[in-house]
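If you want the building blocks of each chain, they are given just below.
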Amino acid sequence: MKDITQNTQFDKRNISMMMDLYEMTMANGYFDGEAKKDLVSFDVFYRKNPDGGGFAIFAGLEQIVEYIENLHFEEEDIEYFKSLNLFDDKFLDYLRDFKFTGDVYAFKEGTVMYPNEPVITVIAPIIDAQLIETAILAQINHQSLIATKARRMVRAANGRSVSDFGARRAHNMDAAVYGARAAYIGGVNGTATVLAGQMFGIPVSGTMAHSWIMYFENEYEAFKKYAMKYPDATVLLIDTYDVLDSGLPNAIRCAKEVLEPMGKRLKGVRIDSGDLAYLSKKVRKVLDEAGLTDCIVVASNSLDEYTVSSLIGQGAKIDSFGIGERLVTAKSEPVFGAVYKLGSVEKDGVIIPKIKVSETVEKITNPGRKKVYRVYNEEGIAEADLIAKDDETVDLSKPYRYIDPIKPWKRRKFVGFSAKELLELVIKEGKRVSPKRSLNEIREYVINQLNNEIWEEEQRFENPHIHYLDMTPAYYEMKMDMLDEVNSQNDES
């Protein structure tokens, strides 16, 4: 068996083993009988928007597709499973040639999404569907969380540049790289993480550390050396000693004595500590008086959407924000909470919907195979999402009755509305069928939705409008019938 202590971050990794043990124990149990032939459907959904927001952003789909297409077990994996003394030899032999053979439907990556609607539906043999649970949830929970947090910070910045500076505070190397990817989907302008730039084509940027300035004999010498080396991208960190009495005067001197004789301009100065609102206003005034009106002011230091909003509200003269740990760790609410729940079992061609019932209303699942529609008013604004049975066709060319599951007694209709189906076939029989989209396409898709389709009231931080998740009458009736049946069984028992 391979000595795992010799692995490095540069090894080509097979992450098929990224699963909870119970997925294997259940798969081994299904393998014994006829169950392994049954097709099932599982839905991925989440129950609550992070940070009390009005929506979330769906991210991580590309990594899920890559994972599923490459899912396989190597001999060392089989040997490891064998060492646990839990699994039948025939099952382990089956794993040697295992490939995912099912279908996956999903929202487009970057779709604005809402609680309790399926954003991914897996339809596959029960073993196939069971083995991918953890990997799917790990990708969706992480990247959707960071993309959503990034969008909040970008909104708070109100048109000013936002960059990801968080790699060194991320929970590990993968979290830094895929966090940068998700943050870019959410709208940040770039990242300081070089590997993310290399892998995904995200614009990279960076300046200098305090150590650069401390290394040289004095601050001006440090600035001079840097400017001579990078005359087209000189952004100087001015708070190592004193922003107003040392850093800023030395930056201006560098601009006048080093860069301008070369025909270059000082690109920016960065402040990483202190009263950012007060200092930025002072810095801006002095820079302008020195004729450096084009020199930008960059701020960093434990920022989030609330501190950014506060700084802008105070009239801070900040052009660009570098945001670190509170973005890449989603510090204020670091758990997204997407789940993977059984929706149906197909036996002998008959699809049997399944429902999970709980004393907690939010944990009662929406059963069966289903479609999700986004419903738009005449202005093209998304009014609601609508869940339908998989075999239903929703026609909004005429008044259409629907059920609000929170207020089912209300008689409601969509009149003059249009709808589009959100779940699209991504993987068929284990192979990708949807075209791969560039990261910039995904990012622009997010921006377009938020600018043109999503209510402004859903995007505010405080008490956002709650997006409606409605049901077709047929779907609502099916769910209520299933709940009645469960109650009847409980009464008999």
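Residues numbered from 1 in each chain as written. Predicted model: local features only at pLDDT ≥ 70, side-chain atom pairs only at ≥ 80, totals over all residues. Heavy atoms only, no water.

Draft legend 1. Molecular detail of the sheet that holds strand S18 (residues 418–421). Pairing within the open sheet is mixed, and its four strands lie in the order S18-S14-S15-S21. Looking along the sheet, the strands with just one partner apiece sit at the ends: S18 and strand S21 (468–471). Put simply, the sheet's adjacent strands are angled 30° from each other on average, direction ignored. Pairing of strand S14 (residues 370–376) with S18 involves four bridges; the strand directions are antiparallel. Of the residues in S18, the one forming a bridge with Val-375 is Ala-419. (Pairing = 2+ DSSP bridges. Helix = DSSP H or I, 4+ residues; strand = E, 2+ residues; numbered from the N terminus. Axes fitted to C-alpha atoms, helices over the stretch in contact; angles between N-to-C directions.)

Draft legend 2. Structural view of the packing of helix H2 (residues 61–69) against helix H6 (residues 133–157). In the contact formed by H2 and H6, the axes pass within 9 Å of each other and the chain directions differ by 165°. By the angle between their directions, the pair H2 and H6 is classed as roughly antiparallel. When the axes of H2 and H6 are compared, the crossing they make is right-handed. Packed against H2, whose contacting residues are Gln-63, Ile-64 and Tyr-67, the element H6 presents Ala-135, Ile-136, Gln-139, Ile-140 and Gln-143 at the interface. The residue inventory of the contact of H2 with H6, partitioned by class, reads five nonpolar, three polar and no charged. (Parallel < 35°, antiparallel > 145°, perpendicular 65-115°, else oblique. Left-handed = near helix turned anticlockwise from the far one by under 90°. Contact = heavy atoms within 4.5 Å. Nonpolar A, V, L, I, M, F, W, Y, C, P; charged D, E, K, R; others polar.)

Draft legend 3. Quick peek at the packing of aromatic side chains. If you walk through the whole model with that rule in mind, you get 20 aromatic pairs. Here the aromatic rings of Phe-73 and Phe-98 are separated by 6.0 Å at their centres, their planes lie at 50°, and the arrangement is tilted. With a gap of 25 residues between them, Phe-73 in the loop between H2 and helix H3 (75–83) and Phe-98 in the loop between helix H4 (89–96) and strand S3 (103–106) connect regions that are remote in the sequence. When the centroid spacing of 6.1 Å and the interplanar angle of 65° are considered together, the rings of Tyr-306 and Phe-461 count as edge-to-face. One end of the pair, Tyr-306, is in helix H13 (residues 305–313); the other, Phe-461, is in the loop between helix H16 (456–459) and S21, and 155 residues separate them in sequence. Under the relative-accessibility criterion, Phe-461 is labelled buried at 16%. Taken together, Phe-31, Phe-73, Tyr-80, Phe-81, Phe-87, Phe-91, Tyr-94 and Phe-98 form an aromatic cluster joined through their ring pairs. Sitting over the face of the ring of Tyr-445, Lys-108 holds its NZ or CZ atom 5.8 Å from the ring centroid. The ring of Tyr-184 has Arg-443 sitting right over it, with the charged end atom 4.5 Å from the ring centre. (Phe/Tyr/Trp six-rings, centres within 6.5 Å; stacked < 30°, edge-to-face > 60°. Buried < 20%, exposed > 50% of the residue type's maximum accessible area, 1.4 Å probe, protein only. Lys NZ or Arg CZ within 6 Å of the ring centre and 35° of its normal.)

Draft legend 4. Spatial organisation of the sheet that holds strand S9 (residues 268–271). Pairing is parallel across the open sheet formed by six strands, whose spatial order is S7-S6-S11-S10-S9-S8. Strands at the two margins of the open sheet, each flanked by one partner only, are strand S7 (190–191) and strand S8 (235–237). In this sheet, strand S11 (residues 320–323) lies alongside strand S10 (residues 296–299) in parallel orientation, the contact comprising two bridges. Following the sheet pairing, Ala-299 is matched in S11 by Phe-321.

Draft legend 5. A look at unusual backbone geometry. At Asn-301, a residue that is not glycine, the phi angle is positive and equals roughly 105°. Relative to the elements of secondary structure, Asn-301 occurs in the loop between S10 and H13. Residue classification places Asn-301 among the partly exposed residues on the basis of a relative accessible area of 36%. Of note, Glu-429 is a non-glycine position whose phi angle comes to about 50°, a positive value. Tracing the sequence through the fold places Glu-429 in the loop between strand S19 (424–428) and strand S20 (431–432).

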